[in-house]
Amino acid sequence: MLKGSLRSSEEGRHRAPAFAGLSLLFWFLLYRASLRVVEEAMKLDPVGELLVQKLLSITFLVFLGLLVFSNIVTAFSTFYLADDMEFLVTRPIPKDALFTSRFVESLLQSSWVVLLFGMPIFVAAGVGVGAPPWFYVLLIAVMIPFVAIPTGIATLLALFVTNILAADRTRDAALFFGLVAFSVLFVVVRALQPERLLNPDSFDSIGEMLRMLSAPTTAYLPSDWAINVVIPALFSSGAVDKWSIALLFLTPLALFFVSAWLHRGYYMRGYSKAQEGRHGRSVLTAFRDWLFKRTTTVRGSMDKNLAQIAAHGERSISTLGQLVRKDLSVFLRDASQWSQLLVVVAIMVIYLVNFKYFEIAANENLLGDVGLFSFNLAACGFVVVALSGRFLFPAVSVEGRSFWMILQAPISLERFLVGKWLGMMGPIVIIGQFIIWSSNLLVGQSLANCLMASLITLVNTVGVAAMAVGFGAVYPQFHNPNAAKIASSFGAVIYMILGMFVVLAVIMSTFHVSTYLGHIYVGASARPIYAKHILVTLTGLALPFLVATATIRMGAASLRSRL
């Protein structure tokens with residue numbers, strides 16, 4: 001399948017080198033940043049090793065939550081909603097062989113990002129601590145069963161849900177269980193209180209700090225099994241915990257064989273139910289119908305507009321405006337799309353709740369006010385990139401088999417992509433501005449810093465939103481009806497990496513002028529700025545617009561070459 005995807009088109013031969021180059025660059029940056037954190041932590045005697053251990057434990061826990069969320073969504077799509085399943089279930093394929101192939105595919109699709117871009121963190125820990133060579137071999141051996149456990153859990157959950165539900169509500173179920181997993185992860189991470197690690201004054205004594213860092217972990221989470229195996233090898237501090245090794249390697253095998261055994265008797269029943277049409281009225285569909293009747297257009301309710309058209313005829317409107325209205329209507333009609341705004345709200349709340357704790361890092365001179373300002377810009381930019389990748393990157397692909405109607409319309413492909421861009425950019429801009437203003441006000445940034453951060457975030461949002469639409473046109477998947485799966489495809493990963501680079505480039509180019517204005521506003525001394533600083537700042541602010549223009553044209557050229 002991987003070989004076929006790389007050779008499926010003329011530009012396929014360029015995908016592997018481009019992806020390898022970008023991934024190596026991004027991998028190296030993650031490695032250097034992680035190595036810096038580990039080296040600084042190791043300087044804090046006598047708690048350096050315990051601090052590194054605690055940070056790695058939190059990292060494993062976060063990865064476990066991400067894997068559970070990703071596997072739940074992927075398991076439903078791979079086992080029950082994939083287009084090729086309609087063909088495969090009619091072939092004389094043994095049930096165990098079919099299950100194994102789907103299990104491996106689900107495992108790879110949901111875990112390869114964590115495996116690829118999570119490894120530099122652990123490699124940096126080994127280099128910073130001076131771990132022996134066999135630590136890296138053991139690390140690879142640990143990561144394989146670690147990522148397989150969430151796949152086994154998600155496979156059993158998908159089988160259970162599809163056998164219980166009476167209709168095709170599997171995507172709603174995937175969203176619900178994904179939100180539950182995300183909420184559980186948030187509660188667990190908050191219970192660990194990682195912000196206390198940044199503030200030594202929060203401990204009454206060094207003894208309390210040592211007890212907090214060396215507190216034993218629970219024996220029920222795979223992340224703790226992994227850390228119990230990795231840490232002794234990292235610090236060469238004794239034998240590896242055999243009980244954790246047994247749990248880590250036997251649990252995914254047990255989940256796999258139990259899932260395979262249950263699929264023999266219940267898979268076809270669940271698959272058959274997953275193909276039934278949606279009947280009955282769930283809360284989501286009822287709210288969708290109510291919202292559709294009242295917000296189909298921007299000029300009033302659907303009944304009112306139908307009466308107006310019958311009496312006076314439809315008023316003329318530009319083709320670009322029609323495209324924007326059409327996209328908004330389609331988005332509101334699809335419950336699986338707009339219901340994911342719940343995830344967006346959860347991300348915003350969690351971001352703002354946790355960002356308050358980073359003020360401790362500024363107060364302890366670990367980041368400083370300037371570092372906190374830049375970190376907030378980067379984090380907000382990454383949120384905007386992720387949201388654009390989820391909602392704007394699939395915008396072209398979701399046209400599906402109806403794309404021929406766009407080709408027959410009196411509009412160029414460039415204007416078509418601009419319509420996609422303008423139609424969905426508004427909510428992303430509002431979310432970005434809300435996050436940047438709220439987070440800056442929470443930590444008491446000056447008005448000048450808030451205004452500058454708002455401008456930089458606005459410019460970044462405009463650029464990365466256009467990039468998402470453009471790259472979605474370069475890597476379209478008209479055959480794939482699942483927008484969530486499109487947003488995690490090869491082209492989406494390329495967009496995410498390049499979008500993050502653009503965000504960082506804008507922040508770095510405007511850094512000098514931003515800090516100067518912030519210091520001058522509060523009456524503090526600041527380094528003088530020169531013409532070259534202003535020129536670099538203006539170039540950085542213009543970069544997203546140049547990238548937006550280039551990617552829109554590149555996307556239109558790619559679509560035109562496919563005709």
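Just above, that's the structure.
Think of each chain on its own: its residues are numbered from 1, step by step along the sequence as written. Where local features are concerned, this predicted model is filtered to residues with pLDDT of at least 70; where side-chain atom pairs are given and counted, the filter is 80 or more; whole-chain, interface and lining totals use all residues. Where side-chain values are given, they derive from all heavy atoms of the structure, hydrogens and water being excluded.

(A) Representation of empty space enclosed by the protein in the model. As defined here, a cavity is a set of points on a 1 Å grid over the protein atoms alone where a 1.4 Å probe fits but cannot get out. A pocket is an open set with protein on both sides within 12 Å along at least five of seven lines, and residues line them when an atom is within 4 Å of a point. Grid points are joined across faces, edges and corners, and a volume is the space filled by probe spheres set on the points. Counting across every chain of the model gives one cavity of 30 Å³ or more. Here the largest cavity defines a volume of roughly 30 Å³. Considering the residues around the largest cavity, the lining is formed by Phe373, Ser374, Leu377, Ile456, Ile507, Thr510, Phe511, Ser514 and Thr515. Helix and strand labels come from DSSP, where a helix needs a run of H or I of at least four residues and a strand needs a run of E of at least two; each type is numbered from the N terminus. Of all the secondary structure elements, the ones that give two or more residues to the lining of the largest cavity are helix H17 (368-391) and helix H23 (511-521). Amino acids are sorted into nonpolar (Ala, Val, Leu, Ile, Met, Phe, Trp, Tyr, Cys and Pro), charged (Asp, Glu, Lys and Arg) and polar (every other residue, Gly among them). Classifying every residue of the lining of the largest cavity gives five nonpolar, four polar and no charged.

(B) Representation of a nonpolar patch on the surface. Together, Leu25, Phe28 and Leu29 give the surface a local cluster of nonpolar side chains, amounting to about 270 Å² of exposed area. Here Leu29 shows up in helix H2 (residues 12-42). Only residues whose relative accessible area exceeds 30% and that form no salt bridge enter a patch; like-charged residues are grouped when within 9 Å of one another, and nonpolar side chains (Val, Leu, Ile, Met, Phe, Trp, Tyr) when within 5 Å. To measure how exposed things are, a 1.4 Å probe is used in the Shrake-Rupley method; for residues, cover is taken only from the protein chains shown. Every case where a carboxyl oxygen of Asp or Glu lies within 4 Å of a side-chain nitrogen of Lys or Arg is listed as a salt bridge.

(C) Structural detail: the packing of helix H20 (residues 447-474) against helix H22 (residues 490-509). For every element, the axis is a line fit to its C-alpha atoms; helices are fit only across the contacting stretch, and the angle between N-to-C directions ranges from 0 to 180 degrees. One way to put it is that H20 packs onto H22 with a least axis distance of 10 Å and a crossing angle of 155 degrees. Relative to H22, H20 is oriented roughly antiparallel. Along this stretch, H20 crosses H22, giving a crossing that reads as right-handed. The segment H20 lies against H22, with Ile456, Asn460, Val464, Met467, Ala468 and Phe471 engaging Ile494, Tyr495, Leu498, Gly499, Val502, Val503 and Val506. Here the residues of the contact of H20 with H22 are counted per class, giving 11 nonpolar, two polar and no charged. Roughly parallel refers to an angle under 35 degrees, roughly antiparallel to one over 145, roughly perpendicular to one between 65 and 115, and oblique to any angle outside these ranges. We call a crossing left-handed when the near helix sits turned anticlockwise from the far one by less than a right angle, and right-handed when that turn is clockwise. Contacts are assigned to residue pairs with any non-hydrogen atoms lying within 4.5 Å of each other.

(D) Region of interest: the nonpolar core. Counting residues in each nonpolar core, the largest one holds 63 residues, and the members touching the most others are Leu392, Phe393, Leu417, Trp421 and Tyr495. Secondary-structure elements contributing two or more residues to this core are H2, H17, helix H18 (403-408), helix H19 (413-442), H20, H22 and helix H24 (531-562). At 13 residues, the largest contribution of residues to this core is made by H20. Nonpolar cores are built from buried Ala, Val, Leu, Ile, Met, Phe, Trp, Tyr and Cys residues. Side-chain atoms within 4.5 Å join them into one set. Exposure classes here rest on a 1.4 Å probe applied to the protein chains alone. A residue is buried below 20% of its type maximum, exposed above 50%, and partly exposed in between. Of all hydrophobic cores here, the second largest spans 36 residues; its members include Phe60, Val114, Ala131 and Ala148.

(E) Seen up close, the pattern of salt bridges. Tallied over the entire structure, the rule returns five salt bridges. Across the pair Asp96 and Arg264 runs a salt bridge, and its minimum N-O distance is 2.8 Å. Separated by 168 residues along the polypeptide, Asp96 in helix H5 (residues 95-129) and Arg264 in helix H10 (residues 242-274) bring together distant segments of the chain. Residue Arg264 is classed as partly exposed on the basis of its relative accessible area, which comes to 46%. The shortest N-O distance in the salt bridge between Arg560 and Glu414 comes to 3.1 Å. Placement of Arg560 in helix H24 and of Glu414 in helix H19 is noted, with a sequence separation of 146 residues between them. Assessed through its relative accessible area of 40%, Arg560 is described here as partly exposed. Overall, Glu414 belongs to the partly exposed group, its relative accessible area being 25%. Put simply, Asp84, Arg102 and Glu105 are held in one network by salt bridges that share partners.

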